[in-house]
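Below, each chain spelled out in residue letters.
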Amino acid sequence: MSETHGWPMSAVRNIIGAAWLAGLIDGDGSITVHIIIRRGGKITLRPLVIIADYSADCKNIRVVKKLLDDWRITYRVDDGGHRLTVNGWTEALALLERLAPFLVGKKDQAELLIRLCKLRLKRLSRGFRMWLRYYTPEEIEIAVKIRRMSLRRTARSREIDELALKIAEELRSHAREDVGYGEETYHEEGEAQDSRQGPD
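In this convention, every chain numbers its residues from 1, walking through the sequence in written order. Two thresholds apply to this predicted model, a pLDDT of at least 70 for residue-level local features and 80 or more for giving and counting side-chain atom pairs, whereas whole-chain, interface and lining totals are computed over all residues. Computation of side-chain values covers all heavy atoms of the structure but excludes hydrogens and water.

**Here we look at the overall build of the chain**
Looking only at helices and strands, the chain features seven helices and five strands. Numbering of helices and strands runs from the N terminus; a helix is a DSSP stretch of H or I covering at least four residues, while a strand is a stretch of E covering at least two. When the elements of the chain are put in sequence order from the N terminus, they spell out α-β-β-α-β-β-α-α-α-α-β-α. Under the scheme applied here, a residue whose accessible area is under 20% of the maximum for its type counts as buried, over 50% as exposed, and between as partly exposed, the area being computed with a 1.4 Å probe on protein chains only. The 200 residues of the chain split such that 44% are buried. Contacts were defined at the residue level, with two residues in contact if any of their heavy atoms lie within 4.5 Å. Long-range pairs, those at least 24 residues apart, make up 67% of the contacts in the chain between residues at least 6 apart in sequence. Summing over all exposed atoms, the chain offers an accessible surface of approximately 10,600 Å²; the carbon and sulfur share of this is 52%. Areas reported as accessible are Shrake-Rupley estimates using a 1.4 Å probe. Residue values count occlusion only from the protein chains shown.

**A word on the side chain of His-82**
Tracing the chain through its elements places His-82 in the loop between strand 3 (76-78) and strand 4 (83-87). A relative accessible area of 19% means that His-82 is categorised as buried. Those residues within four positions of His-82 in sequence are excluded, and the remaining contacts are Ile-51, Ala-52, Asp-53, Tyr-54, Ser-55, Cys-58 and Ile-61.

**Section: the pattern of salt bridges**
By salt bridge we mean one thing: a side-chain nitrogen of Lys or Arg within 4 Å of a carboxyl oxygen of Asp or Glu. Under the defined criterion, the tally for this structure stands at 13 salt bridges. Note that Glu-138 is salt-bridged to Arg-115, the shortest N-O span being 2.8 Å. Of this pair, Glu-138 sits in helix 5 (residues 137-148) while Arg-115 sits in helix 4 (residues 107-125); the two residues are 23 residues apart in sequence, bridging distant segments of the chain. Overall, the relative accessible area of 33% leaves Glu-138 in the partly exposed class.

**Things to note about helix 5**
Counting along an α-helix, one turn takes 3.6 residues, and residues three or four places apart therefore face a common direction. For a helix, the expected span equals 1.5 Å multiplied by the residue count minus one. Taking 1.5 Å as the rise per residue, helix 5 with twelve residues should run 16 Å; its terminal C-alpha atoms sit 17 Å apart, in good agreement. Pro-137, Glu-139, Ile-140, Ile-142, Ala-143, Val-144, Ile-146 and Arg-147 are the residues of helix 5 that are buried.

**Thoughts on the pairing of strand 4**
Among the five residues of strand 4, four are classified as buried, and the element is accordingly described as predominantly covered. Across three bridges, the pairing between strand 3 and strand 4 is antiparallel. Across the sheet, residue Val-77 finds its bridge partner in strand 4, namely Leu-84. By definition, two strands form a pair when at least two bridges between them are found by DSSP. Where strand 3 folds back onto strand 4 in an antiparallel hairpin, the turn is made up of four residues, including Asp-79, whose phi is positive at roughly 55°.

So far we have only geometry, and geometry alone does not tell us how the molecule works.
As C-alpha cells, this is what we get:
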C-alpha cells in the first residue's frame, strides 16, 4: 500500500494544506465581520478572513496564495504583500468549510461565520438577488457575536457593536425583516483598518 493509503496525492496535499493554513490563522490571522452603519440605521456586513505575515520575505503569504489559487478562492493582498484577505460571502464560506475541522483557537468564530454565510447565500439560492443587500436581526446579531470574540477590540469597535445590536432590536420589535443602504455615517476607519488588525 502506498504512503497515502490509497488516497489521491492531491487530496492528501489539500488536507495538509488546510491543516497548515488553519494553524496559521489560529496564530496570525483573524476571522471577523466588518460592520458599516449608515444613515437611518442601515447596515453593511462584510465577512473577513485575514492572514498576516510581517517577515521580510512574506513566505507564508506566498504559500497561502498558492493554496487559494489551487482551491479557486479569490483573495486580496495588500500592505506591501504582508497581508492577505478573503472576503465576500461565497469566498469566505468556501475557505472556512475547508479549514473548520482543523481550527482550534478560532473554531467558534469560523463556525459562526459559516452559519452567517449560509444564511446570506440562502436567499441567493432562492433567486432573491436583490435581498442580499439587506440584513435580518439574526444576521446582525451573529456578526456582532463573531466580532466580540476578538481579543483586539477598540472602543470604536465596541461602540459599533452596541449600535448594531440596537438596530437589530429595533428591527425585531417592528417585525421588519431587512435594512438597506444609505450614506455612511458610523463606521470603523474603513475595511482596511479591520484588515490591519493583528492576530485575535
